[in-house]
Structures are given as structure tokens and as C-alpha cells.
Amino acid sequence: MTTFIAPNLMWHDLTTQEKNRTLTVAYCTPIRKGECRLFAQFPFQFASLWPAGLTRYTPSWAFHLLQNSILEDDQIFLYLQERHLAQQEEGKPIAQAFYMPTRADRFVMALHQWLQHYNADSFPNKPLPPAIGREQVIERYHSHTVHCASCRTALSQLRRGRQGMVMGALVVWITAQLYLLDWGRTVELARVASISFIVCIIIWLSLGWLERKFYEGRPIPLRTVSEK
């Protein structure tokens, strides 16, 4: 069930056969032409206790990364579609500007019919700002991370963790070189130090991969990636 309360509140109410229930509640608030701020909540109920317990101990920043990925799956398309619509003849029905044959398109149709019926233009006679590149559309740091205490703290800890891995790798590398000078009883210790060095590098690379997620999203939306 989907509910829309004009002008900017919408929520999906999803209930499974197992009595698991999730709500996707979104306030899409225009702040300037071509840009809005999204206030969203995702309350849920689980029939089983263990999913609720697992969710309770999952850090907020992990949920935020997932939610940003879901939003960005549409964000690039919405950005381009808005500009395409703005180039159409003024007053032209939305159905003539886009081909929308599916049942899911009814939500888009209903919104634009409401906008046209009430002439609900938040910024009348204002042009769209100059076009920006894909990297700016999926940018996360300035649009979310710096404003979110959970993500900002997690990013700071990741940076310190990567610095710690560099120091750790340097220590074990020096230790390995010292042990390799003596191929007697210390050969096993040299192997341990060498393995520890490799582990530090792997962790450093993994933390770097995670750190990038606080700065930008996927260049290609996940749903458009070929299965091959």
C-alpha cells in the first residue's frame, strides 16, 4: 500500500506473508530549483526476534550507506528526466513527455497530475541550475557525510584505522627483515611477520574501499549493471 499526502509526504507499507512489516516514509522537501532535501525513516516490525536484535546492533552508518545506494539507483535517472521534462513544451501532459506503460508509473502520473491541477510549482519562473556531471550527482560527502554524526565519526575512525595499518605494516616489514638476517631459529618468526605484513596491506585496502563509500556512490547504478 502506498500513501501520498500532498505536497511532499509519501510512504510505502510493505507486509510479507510472514508478518514482517516495513515502512518507507519520505518527506521530499524542495529547497531550490532542481534540488530537494530528503527526510526519510524506515520503521519495521519482524515476526522473529533475531532480525530485530541484529538490526539493533548494526551501526547507523551502515544503514546510511545502504540507503544512499538505494537512492542513487534512481538519482541519476531522475536528474536527467527532470531536465528532459523542463525542455518539453510548457503545459504538456506528463504522459506525452515520457513513455510510462507500467503499473508502477501510476505514482509518477498521480504526482504530476496533482502538480498540474494545483499549479504547484515551488519555484515559479526559476530556471534549472547549470547541468553538473555524474560525479557530482552521486557525491555523498558534502550532501550527507559532513552533516551526519554517525557517518562523520565512522569516516574519522576509518582514517585512523588506515593510518594504524600503515604503521603496523611498517613495523612487521622491518621485523621480518631483521629476522631474515638469521636463517636459524627465527625463520618461523620471519614467516609470521611476512604474513602479518600482507594482512595489514589487505586490511588497509579494504578500509580504503569502505572509506570511498562515504565520499561517492556507484558510477553505474546497480540495476543497470549487466548480469554478465
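Provided above is the structure to which this section pertains.
If you're wondering where the values come from, they're calculated on a predicted model, not measured in any experiment. Counting from 1, residues in each chain are numbered in the order their sequence is written. With pLDDT at 70 or above as the cut-off, local features in this predicted model cover only qualifying residues; side-chain atom pairs require 80 or more to be listed or tallied, and sums for whole chains, interfaces and linings still use all residues. Only hydrogens and water are set aside when side-chain values are computed; all heavy atoms of the structure are taken into account.

A. Up close: the side chain of Glu211. Checked against the element boundaries, Glu211 lands in helix α7 (residues 187–212). In what follows, residue pairs with any heavy atoms lying within 4.5 Å of each other are defined as contacts. When sequence neighbours within four positions are dropped, the list of residues in contact with Glu211 reads Leu155, Leu158, Arg159 and Arg162. Put simply, DSSP H or I for four residues or longer makes a helix, DSSP E for two residues or longer makes a strand, and each gets a number counted from the N terminus.

B. Highlighting the environment of Ile174. Within the fold, Ile174 resides in helix α6 (residues 149–180). When the C-alpha atoms of Ile174 and Ala193 are compared, they prove to be 8.9 Å apart, with 19 residues separating the residues in sequence.

C. Structural context of the state of the cysteines. Defined by distance alone, a disulfide is two cysteine sulfur atoms within 2.5 Å. Taken as a whole and assessed by the stated rule, the structure comprises 0 disulfides. The structure places no disulfide on Cys28, whose sulfur is separated from the nearest cysteine sulfur, that of Cys36, by 5.3 Å. Per-residue accessibility, obtained with a 1.4 Å probe over protein chains only, is compared with the maximum for each type, and a residue is labelled buried under 20%, exposed over 50%, and partly exposed between these values. Assessed through its relative accessible area of 38%, Cys28 is described here as partly exposed. Take Cys148: it sits in no disulfide, and the sulfur closest to it among the cysteines is that of Cys151, at 3.7 Å. Among the residues examined, Cys148 registers a relative accessible area of 9% and is labelled buried.

D. Quick peek at the pairing of strand β2 (residues 9–15). Here, any two strands with at least 2 DSSP bridges between them count as paired. Relative to β2, strand β1 (residues 2–5) is paired through 4 bridges, and the arrangement is antiparallel. In the sheet register, Phe4 faces β2, and the bridge partner there is Met10. Here β1 hands over to β2 after 3 residues, the two strands then running antiparallel side by side. Turn length for the β2-strand β3 (residues 21–32) hairpin, with the two strands adjacent in sequence and antiparallel, is 5 residues, and the turn residue Lys19 shows positive phi of about 70 degrees.

E. Representation of helix α2 (residues 60–86) in the model. Spanning 27 residues, α2 covers 37 Å between terminal C-alpha atoms, matching the ideal 39 Å at 1.5 Å per step. Roughly 35 degrees is the biggest bend found in α2, and it falls at Asp74. Buried residues of α2: His64, Leu65, Asn68, Glu72, Asp73, Ile76, Tyr79 and Arg83, and no others. Take the number of residues in a helix, subtract one, and multiply by 1.5 Å to get its expected span. Note that bend, as reported per residue, equals the angle between axes fitted to the 7 residues terminating at that residue and the 7 residues originating from it.

F. A look at the pattern of salt bridges. Any carboxyl oxygen of Asp or Glu within 4 Å of a side-chain nitrogen of Lys or Arg constitutes a salt bridge here. This structure, assessed with the given rule, holds 7 salt bridges. Of the charged contacts in the structure, one is a salt bridge between Lys33 and Asp121, with a shortest N-O distance of 3.8 Å. Taken together, the residues Lys33 in the loop between β3 and β4 (35–41) and Asp121 in the loop between α4 (105–118) and α5 (134–137) connect sequence positions 88 residues apart. Accessibility expressed as a relative area gives 25% for Lys33, which makes it partly exposed. Overall, Asp121 belongs to the partly exposed group, its relative accessible area being 37%. Between Glu216 and Arg212 there is a salt bridge, with its nearest N and O atoms 3.7 Å apart. A residue is classified by how much of its surface remains accessible, and Arg212, at 44% relative accessible area, is partly exposed.

G. The packing of aromatic side chains, seen in detail. Pairing of aromatic side chains requires ring centres within 6.5 Å, counting the rings of Phe and Tyr and the six-membered ring of Trp. Pairs whose planes differ by under 30 degrees are stacked, by over 60 edge-to-face, and all others tilted. Inspection of every chain in the model, using the stated rule, returns 5 aromatic pairs. Ring centres of Phe4 and Trp114 lie 6.3 Å apart, and the angle between their planes is 85 degrees; on these two criteria the pair is classed as edge-to-face. Of the two residues, Phe4 is situated in strand β1 and Trp114 in helix α4; the sequence distance between them amounts to 110 residues. Accessibility expressed as a relative area gives 23% for Trp114, which makes it partly exposed. Ring centres 5.1 Å apart and planes at 40 degrees place the aromatic pair Phe44 and Phe46 in the tilted group. Judged by its relative accessible area of 33%, Phe46 is partly exposed. Following the ring pairs from residue to residue traces out a cluster consisting of Phe4, Trp114 and Tyr118. Either the NZ atom of lysine or the CZ atom of arginine qualifies as a charge over a ring when it sits within 6 Å of the ring centre and within 35 degrees of the ring normal. Cation over ring: Arg162 sits above Trp204, and NZ or CZ is 4.1 Å from the ring centre.

H. Summary view of the pairing of β4. Two strands pair when backbone bridges link them, and β3 and β4 are joined in this way by 7 bridges, in the antiparallel orientation. What sits directly across from Cys28, in β4, is Leu38. The turn linking β3 back onto β4 is made up of 2 residues, and Gly34 within it adopts a positive phi angle of 85 degrees.

I. Quick look at a nonpolar patch on the surface. Together, Leu170, Trp173, Ile174 and Leu178 line one region of the surface with nonpolar side chains, adding up to about 410 Å² of accessible area. For Ile174, a relative accessible area of 40% corresponds to the partly exposed category. Surface patches are drawn from residues lacking salt bridges whose relative accessible area is over 30%; two like charges belong together within 9 Å, two nonpolar side chains (Val, Leu, Ile, Met, Phe, Trp, Tyr) within 5 Å. Calculation of accessible area relied on Shrake-Rupley with a 1.4 Å probe; when residues are assessed, cover is drawn exclusively from the protein chains displayed.

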